[in-house]
Amino acid sequence: MAKRKLDLTNESISPIKVILYLAWPLFLEQVLSTLVSFADTAMVGGLGKEATAAVSISNSFVFLINGVVMALGVGITAYVARSVGAKDYEKAKAYIRHALIILALVGLPLALLPAALYKFIPRWMGANDDFLALAQEYLLITSVFRIFTMAMMVLGSVFRGRGDTKTPLYINIVVNFLNIAGNYILIHDPHTIHIAVDFLNIDFAFKMFGAGLGVKGAAISTGVSWFLGGTALSIMLFVKNDPTRISLKDSYKPDADILKNVIKLSIPAMLERMCMSLSGIVVTKSIATLPTHVIAANTVYSTAESLSFMPAFAFATAATTLVGQSLGAKKPNLAKKYAYTTTMVGIIVMLFAGAMLFAFAEPLVRFINSDFDVVPIARKCLQIVAFIQPVQVIAWILAGALRGAGDTKWPFYITAAGNWLIRALGACLVIHVFHMGLPEAVVCMCLDQAARAVCMYLRFRTGKWMHVIKDSAAKA
């Protein structure tokens, strides 16, 4: 007999129990998702700083493309969570079907755009001749598969909106295992592996196949893992036993009212992500004017820092689901309790995460790239961001709570102001005007996160987010 899913809107259950019920699969999923990027960067790092720079130089542009589709997923997720909380499963199914429609009509053209522009994007982002050809090759190959990672983002959010955080986790376990194995085989040349057991005087040696494709191998492995993950999540929408399970026999004709609801919530989220990506492009281009080893250090420190994003992402996503379902069940006080409790738990966890980042900065950096010129700069940057972790999580969780309520405008306003007035402007000033380096640009990013945390809290405290989505809208 299938295990009964926990009722997230049951006020008799401890909020901490419900938060952890949702958050731990999200945390593990984020660990595994981060491993895709981490494995690529770490394994490619052995090929040199040019290879490390090549796999990341186009990220800001790609994030801009991904952000448009992810923003549409924000609107869908808010309505799925609201509908499930109200136990209006037919309406939830309608929004889930429109997630697939949006992926086909909007996601696919956008996913192929970087493939069409693969020769130009790395140049626009400031790639120099040391690694330009590698960056172009990596971008072209991954762009062919990009629609599948978009599917993983959007459909993963759909599963979370209906309170199912385990299905994306299980799929990511398989996907990440295959990606790491694929990296190992495709990146490296054929070689011999020795396994020695000294006390038994045994030394096993066997030849390991290797394609020797380098950066191209990492791109192929990542792309195939995206394909498997996106396909598997799509199939699970049709086969997993759930009140919101959809069918091929359902109607997939676009519904104007549903699209209107989704777009209304998604446009601010879309603008927010575009704003973050565009400001990221400005920051990346500024950093790209620095020497190659500094560009590589930026990739290394940001990859290592992404480890701390895992619990922050988990708690922020849990807040989105819990606030959305609580408001759908007409329990605004429960929504507020979940948001504040999640924030408190998140701060405690991120205090620990920040301490670990600071203490183990050098081993983390060296694991990714041990280049003599790269390590000191990357270590310093990682230790700087360690201090902002418990503050940053406040902004993440409360922004997630606001989005779960359908209040997507204020996160956009706050993010736009912080990204442009503090992060991007600050990075440009310290690099181009004051002729400082990467660590000073990282300080500007930390100041941006601190300002956003304060502003998100002030918005949440007003309580106006409770009334952004009218009850009639969820049942339109």
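Here, every reference points to the structure presented above.
Here's what I pulled together on the structure shown here. Just so you know, these numbers come straight off a predicted model, no measurement behind them.

### Here we look at the overall build of the protein chain
1) Next: Helices and strands together make up the secondary structure of the protein chain, namely 18 helices and 2 strands.
2) Next: Here the C-alpha atoms of the protein chain give a radius of gyration of 22 Å, agreeing with the 23 Å that 2.2 N^0.38 yields for 476 residues.
3) Next: Overall, the C-alpha framework of the protein chain stretches about 65 × 55 × 50 Å when taken along its three principal axes.
4) Next: By the burial criterion, 55% of the 476 residues in the protein chain qualify as buried.
5) Next: For the protein chain, the exposed area adds up to about 20200 Å²; of that, 68% sits on carbon and sulfur atoms.

### Thoughts on the pattern of salt bridges
1) Next: Under the definition given, this model contains 12 salt bridges.
2) Next: The closest approach of N and O atoms between K93 and E90, which form a salt bridge, is 3.4 Å. Note that K93 and E90 are positioned in helix α4 (residues 89-116) at a spacing of 3 residues, about one turn of the helix.
3) Next: According to the relative accessible area criterion, E90 is exposed, its value standing at 54%.
4) Next: Among the salt bridges present, the one from R366 reaches E362, with a minimum N-O distance of 3.0 Å. Residue R366 and its partner E362 are both found in helix α13 (residues 361-368); the two are separated by 4 residues, about one turn of the helix.

### Considerations on a nonpolar patch on the surface
1) Next: Together, Y170, I173, V174, F177, L178, V224, F227 and L228 line one region of the surface with nonpolar side chains, adding up to about 730 Å² of accessible area.
2) Next: For the nonpolar patch, the secondary-structure elements that each account for two or more residues are α8 (166-187) and α9 (215-239).
3) Next: Per-element tally for the nonpolar patch: the top contributor is α8, with 5 residues.
4) Next: Structurally, the position occupied by V174 is in helix α8.

### Some thoughts on helix α15 (residues 389-404)
1) Next: Over its 16 residues, α15 extends 22 Å from the first C-alpha to the last, a length consistent with the 22 Å expected when each residue adds 1.5 Å.
2) Next: Backbone geometry just after α15 places G406 at a positive phi near 90°.

### Focus: the packing of aromatic side chains
1) Next: Taken as a whole and assessed by the stated rule, the structure comprises 8 aromatic pairs.
2) Next: An aromatic cluster is defined as three or more aromatic residues linked by ring pairs; in this entry it consists of Y340, F460 and W465.

### Focus on the packing of helix α11 (residues 292-328) against helix α17 (residues 438-462)
Relative placement of two packed helices is described by the angle separating their axes and the distance separating the axes.
1) Next: It is at 11 Å that the axes of α11 and α17 come closest, and there the two elements cross at 40°. By the criterion of interaxial angle, the relationship of α11 to α17 is oblique. For the crossing formed where α11 meets α17, the hand is right-handed. Only L438, V442 and M445 of α17 make contact with α11, whose side of the interface consists of V294, A297, N298 and Y301.
2) Next: A class-by-class count of the residues in the contact of α11 with α17 yields 6 nonpolar, 1 polar and no charged.

### Considerations on the state of the cysteines
1) Next: With the rule as written, the count across this model stands at 0 disulfides.
2) Next: C428 takes part in no disulfide bond, and the closest cysteine sulfur, belonging to C444, lies 9.5 Å away.

Rules used throughout
- Residues numbered from 1 in each chain as written.
- Predicted model: local features only at pLDDT ≥ 70, side-chain atom pairs only at ≥ 80, totals over all residues.
- Heavy atoms only, no water.
- Helix = DSSP H or I, 4+ residues; strand = E, 2+ residues; numbered from the N terminus.
- Rg over C-alpha atoms; globule rule 2.2 N^0.38 Å.
- Buried < 20%, exposed > 50% of the residue type's maximum accessible area, 1.4 Å probe, protein only.
- Areas by Shrake-Rupley, 256 points an atom, 1.4 Å probe, with all protein chains shown as cover.
- Salt bridge = Lys/Arg side-chain N within 4 Å of Asp/Glu carboxyl O.
- Patch = residues over 30% accessible without salt bridge, like charges linked within 9 Å, V, L, I, M, F, W, Y side chains within 5 Å.
- Expected span 1.5 Å × (residues − 1).
- Phe/Tyr/Trp six-rings, centres within 6.5 Å; stacked < 30°, edge-to-face > 60°.
- Axes fitted to C-alpha atoms, helices over the stretch in contact; angles between N-to-C directions.
- Parallel < 35°, antiparallel > 145°, perpendicular 65-115°, else oblique.
- Left-handed = near helix turned anticlockwise from the far one by under 90°.
- Contact = heavy atoms within 4.5 Å.
- Nonpolar A, V, L, I, M, F, W, Y, C, P; charged D, E, K, R; others polar.
- Disulfide = S-S within 2.5 Å.

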